[in-house]
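Residues per chain are reported as follows:
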Amino acid sequence: MSTKAEKAYLGSTTFDAVTAAHPHMDDPRFLSLTNQMNHCLLRFTVFARCARELGEEDTRCKYQYYRAQCACPESQLEDWMEHRARGSCHMD
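Residues numbered from 1 in each chain as written. Predicted model: local features only at pLDDT ≥ 70, side-chain atom pairs only at ≥ 80, totals over all residues. Heavy atoms only, no water.

Caption draft 1: Expanded view of the packing of helix α3 (residues 37-54) against helix α5 (residues 74-86). In the contact formed by α3 and α5, the axes pass within 12 Å of each other and the chain directions differ by 30°. Of the two possible hands of crossing, α3 and α5 adopt the one that is right-handed. Residue-level inspection shows Met-37, Cys-40, Leu-41, Phe-44, Phe-47, Ala-48, Ala-51 and Arg-52 of α3 in contact with α5, the latter providing Gln-76, Leu-77, Trp-80, Met-81 and Arg-84. When the residues that make up the contact of α3 with α5 are grouped by side-chain class, the tally is ten nonpolar, one polar and two charged. (Axes fitted to C-alpha atoms, helices over the stretch in contact; angles between N-to-C directions. Helix = DSSP H or I, 4+ residues; strand = E, 2+ residues; numbered from the N terminus. Left-handed = near helix turned anticlockwise from the far one by under 90°. Contact = heavy atoms within 4.5 Å. Nonpolar A, V, L, I, M, F, W, Y, C, P; charged D, E, K, R; others polar.)

Laid out in structure tokens, this is it:
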């Protein structure tokens, strides 16, 4: 279900139309190819919350980590995982 603001932004198109126009992008909120940092941050945050609640070995959490790997540079993921191990990750 779209909000009024989303409908106003999309005009006469739908999220399905946006996704069809950009099949390489699975989330229409992040269509920019040049700056994927927000996408990366969201994916890792979802993984961190899942890992905190269900454990890193849960299948759903592994999938969220895979999504983070697709969106984030490996060096950034390693840094955030080190912070998680120390308990100082602000996304956890």
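Caption draft 2: Focus on the environment of Gly-55. Along the chain, the position of Gly-55 falls in the loop between α3 and α4 (59-71). Its relative accessible area of 24% is what places Gly-55 among the partly exposed residues. Excluding anything up to four places from it in sequence, Gly-55 contacts Cys-50 and Cys-61. (Buried < 20%, exposed > 50% of the residue type's maximum accessible area, 1.4 Å probe, protein only.)

Caption draft 3: Broad picture of the pattern of salt bridges. Per the stated rule, a full pass over the model turns up four salt bridges. Arg-84 is the salt-bridge partner of Glu-56, the closest N and O atoms lying 2.7 Å from each other. In this pair, Glu-56 is assigned in the loop between α3 and α4 and Arg-84 in helix α5, connecting sequence segments 28 residues apart. Overall, the relative accessible area of 37% leaves Glu-56 in the partly exposed class. For Lys-62, the salt bridge identified is with Glu-57, shortest N-O distance 3.4 Å. (Salt bridge = Lys/Arg side-chain N within 4 Å of Asp/Glu carboxyl O.)

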